Every structure is written in structure tokens, then in C-alpha cells.
Amino acid sequence: SQYSAVDTNPLSVYIMQPIWNEIIKIVPLWIAPNLLTFSGFVMILVNYFLISFYDWDYTASGTSPGLVPTWVWLFSAFTTFCAYALDSIDGKHARRTQSSTPLGELFDHGLDSWATSIFVLSFFSVCSRDNGKAGVSVYTMYIYLSVVLFNFMCSHWEKYNTGVLFLPWGYDISQVVLIAAYLLTGVVGVEVWQKPFLFGYYITDALVILLIGFSLFLSFPQTLYNIHRAHVKKTLKNDSLYEGLLPLVSPLLLFVLLTVWVVLSPSNVLAKQPRLFLWMVGVAFSNVICKVIVCQMSSTQPELFHWVLFPLALVVYAAISGLLGWTEEAVLTVFTALVTAAHVHYGVCVGRQLSEHLNIYIFSLKKRVQE
């Protein structure tokens, strides 16, 4: 299917696009677009693990403000900008090297579905965990992450139904806000997040309110409106309501199971291991959404229940019924490792199958020799 995306965000159209159009001129023509996509993702990962090293439990900014060195925040601003740039020029570069493929589209959106949560998890280190005075509670972090992932899911659910990806306005805005937040932290120090900003409110409160406002009053209504418009114009991909809503079943069940675990966990697992738990949320979500993206691209129907829901349901049941007892954290660790490994394996397999099927290399513009 032909890839189509619509971007109406003024920030993107008038400010960012002209910048990308200049940056792309320096990219050599022999570089494969997927290499740009992947490099951006690797930068996000490196940045995440670097911050995790200094701030495993999200307390550094709150309890010992100098614990994360200044250069780390500046490096975060730099990697976030590079990843944002690479994610914005990979498609342009594919068109200019005439190498746009379904593999590239899947690669781009698949990595985006994972990167979305990693951006958020890195940012939490800036605001730090609630320490009684300032910071954000781990429950707020969980809700915040869920709202961001819900937004991402909406735009792909919309594409599944309309065939067009309406790029959410929140994307460019969030990237610019992230880069600014890291720069501010690097220049002024994390103290800026610990002091009330306006009327006794902290900057983090404003960001949470902005995010939830954006999602519920801008992105989500826009998604429903675009699907409704396609319905009126009779351009919907799916005839039945059941088929149209099918991709939402697994992500929503995933959210329900995770929330049950968060709320009813006997050992309060989210508070004990916020970094592990939130990472697992992001990976599980990415795997579920990748299936939807594959189905949307191949015009096939997603299965009702994604495979990850079954082991997750077992683990959640064992945890909240008290069966796991003191091993709950250990089980979370093992489950997180398994889901991450399964997701990477899935990505590698789909990539290889598509590269063989389309007779192209993933990271090179050279043509495969026909056997």
C-alpha cells in the first residue's frame, strides 16, 4: 500500500521542516534511510541507559541534585535533537534516493512505537520522584506514560481505519519541549524543577496538565473526527464496527492488566522498581502496536488477543493473589527481560523476512543478487 501521511502542525510546517530540508543536504546519497532511522533509535537508547546509570530509581534530581553530571543533561539535549532530526529526515532521504519501501515504513514506525516510551522514561529523571516536597509520584509517571502511549496508539488506529497517518501535533511540540527541558536542566541545574514556578505550581505540574490536555482535547477528538470524516466520505478501510475497533482490544486489555498490577500489587512493585516496570510497559505496548502496524500495512486483521496478554495475565494473577510473595520483584525482572528479548527477536525476524521478500538489504542501498 502507498504510504500517506498528513502533517498540519504549524511548528512542523513553518519551523522544523525548513531546518530538516537543510540538514538533509549533508547526508551522503549512499547511506540507507533505515540506517538513519536506526541511528536515531540507538542514540535514544544510549541516552536512556546513561541516565539510568546515574539515576536508577528516579531519585537523583530530588534528593542529591548534583548526582547526575551537567554534561549528561547537555548530552541528552544533543541526542534528543539528533534522534528527532534523524526520525524527521529518514523519509525525505528515502524519497531522494528513491528507496521508499514498506520495510522502511515499518522500521520507522516500529522503532517509534518503542522510542515513544523511552523518551518519557528518560524525561522522568529530570523531574525526579516525589520526595515529599517536589517531584512526581510513580503513579503519575505511570499515568503520564500511559497517556503518551494512548496518543501513539490513536494515530495508528486511525491509520488502520483511514489509510492515512495524520501526524499528531503533540510529536513536534513534545520533542522541542524535551530538548528545551534538558538544556534548561544542564544550564540552570535540576533545582529549577524543584522550585514552584507560578502560583505555587511546579513546571512539572504544568507539563502534566499540558500533556493530558493535549491528548484528551486535541489528539483524541482529532482522531475521532478524521475517522468520522472517512466514514462520511465512504473511504473507511473496514466496513464493520467490529473490524474497526479490533486493534484497540489488545492495547486496552494490556492497560487494564498493568493497572490492576500497579494498584493491587502486595509489595507495591511500581514504587519498588519504577524503572523496570515502566520499561516493561513500554516494550509490551510497542510489541502490541507493531502487530497493528503490520496488519494495517498488509491489510490483514489483527488477532483479538495479543500473545503477551496471556503470560502477563498469569503473572498479574500470581502477584495480586499473593502467590508470588517476596519473589514479585524477581518475577517482574525475569518477565521484563523475556518480553524485551521477545520484542527484539520479533523485530529482527520481521525485518529479515521483509528484506528477503522485497529483495533489499535493511542497511544498504545495494540490490540483492537474484538467486
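In the block above lies the structure referred to throughout.
Here the structure is a predicted model, which means the values were calculated and not measured.

S.K.: Tell me about the side chain of Asn-34, and name the residues and values.
M.R.: Following the sequence through the fold, Asn-34 ends up in helix α2 (residues 33–54). The class of Asn-34 is buried, set by a relative accessible area of 7%.

S.K.: An account of the state of the cysteines is requested, with residue identities and associated values reported.
M.R.: Evaluation of the coordinates by the stated rule reveals zero disulfides. With no disulfide of its own, Cys-290 has Cys-295 as its nearest cysteine by sulfur position, at a separation of 11 Å. Residue Cys-290 is classed as buried on the basis of its relative accessible area, which comes to 8%. Classification of Cys-295 by relative accessible area gives buried; the value is 10%.

S.K.: Give a detailed account of helix α14 (residues 328–357), specifying residues and quantitative values.
M.R.: Between the first and last C-alpha of α14 there are 43 Å, a value that for 30 residues agrees with the 44 Å anticipated at 1.5 Å per step. Buried residues of α14: Glu-328, Leu-332, Phe-335, Thr-336, Val-339, Thr-340, His-343, Tyr-346, Val-350, Gly-351, Leu-354 and Ser-355, and no others. Where α14 is buried, its residues touch α5 (102–127), α10 (241–264), α11 (269–272), α12 (274–298) and α13 (309–320). Of the residues flanking the end of α14, it is Asn-359, one or two places downstream, whose phi is positive at about 60°.

S.K.: Kindly report on the packing of helix α1 (residues 10–23) against helix α4 (residues 70–96), identifying the contributing residues and their values.
M.R.: Interhelical geometry of α1 versus α4 gives an angle of 80° and a closest axis separation of 10 Å. Regarding the angle of α1 to α4, the classification is roughly perpendicular. For the pair α1 and α4, contact is made by Met-16, Gln-17, Trp-20, Asn-21 and Ile-23 and by Phe-81, Tyr-84, Ala-85, Ser-88, Ile-89 and Lys-92, respectively. Among the residues making up the contact of α1 with α4, the classes are represented as seven nonpolar, three polar and one charged.

S.K.: Talk me through the packing of aromatic side chains; I want residue IDs and the actual numbers.
M.R.: The tally for this structure, following the rule as stated, stands at 22 aromatic pairs. Considering the side-chain rings of Phe-124 and Tyr-144, the 5.6 Å spacing of their centres and the 65° angle between planes classify their relative orientation as edge-to-face. Residue Phe-124 is found in helix α5, and its partner Tyr-144 is found in helix α6 (residues 138–162); the two are separated by 20 residues along the sequence. Like Phe-124, the residue Tyr-144 is buried in the burial classification. Aromatic pair Trp-261 and Phe-277: ring centres 5.2 Å apart, planes at 70°, arrangement edge-to-face. In this pair, Trp-261 sits in helix α10 while Phe-277 sits in helix α12, placing the two residues 16 residues apart along the sequence. Neither Trp-261 nor Phe-277 differs from the other in exposure class; each is buried. Here the aromatic cluster, defined as three or more aromatic residues joined through ring pairs, consists of Phe-41, Tyr-48, Phe-49, Trp-114 and Trp-279.

S.K.: Before we move on, could you go through the environment of Thr-162 and cite the residues and values that matter?
M.R.: Position of Thr-162 among the secondary structure elements: in helix α6. The exposure class assigned to Thr-162 is buried, which follows from its relative accessible area of 12%. A sequence separation of 143 residues divides Thr-162 from Ile-19, and the C-alpha atoms of the two residues are 30 Å apart.

Rules of the game
Residues numbered from 1 in each chain as written. Predicted model: local features only at pLDDT ≥ 70, side-chain atom pairs only at ≥ 80, totals over all residues. Heavy atoms only, no water. Helix = DSSP H or I, 4+ residues; strand = E, 2+ residues; numbered from the N terminus. Buried < 20%, exposed > 50% of the residue type's maximum accessible area, 1.4 Å probe, protein only. Disulfide = S-S within 2.5 Å. Expected span 1.5 Å × (residues − 1). Contact = heavy atoms within 4.5 Å. Axes fitted to C-alpha atoms, helices over the stretch in contact; angles between N-to-C directions. Parallel < 35°, antiparallel > 145°, perpendicular 65-115°, else oblique. Nonpolar A, V, L, I, M, F, W, Y, C, P; charged D, E, K, R; others polar. Phe/Tyr/Trp six-rings, centres within 6.5 Å; stacked < 30°, edge-to-face > 60°.

The analysis is restricted to geometry; functional conclusions fall outside its scope.
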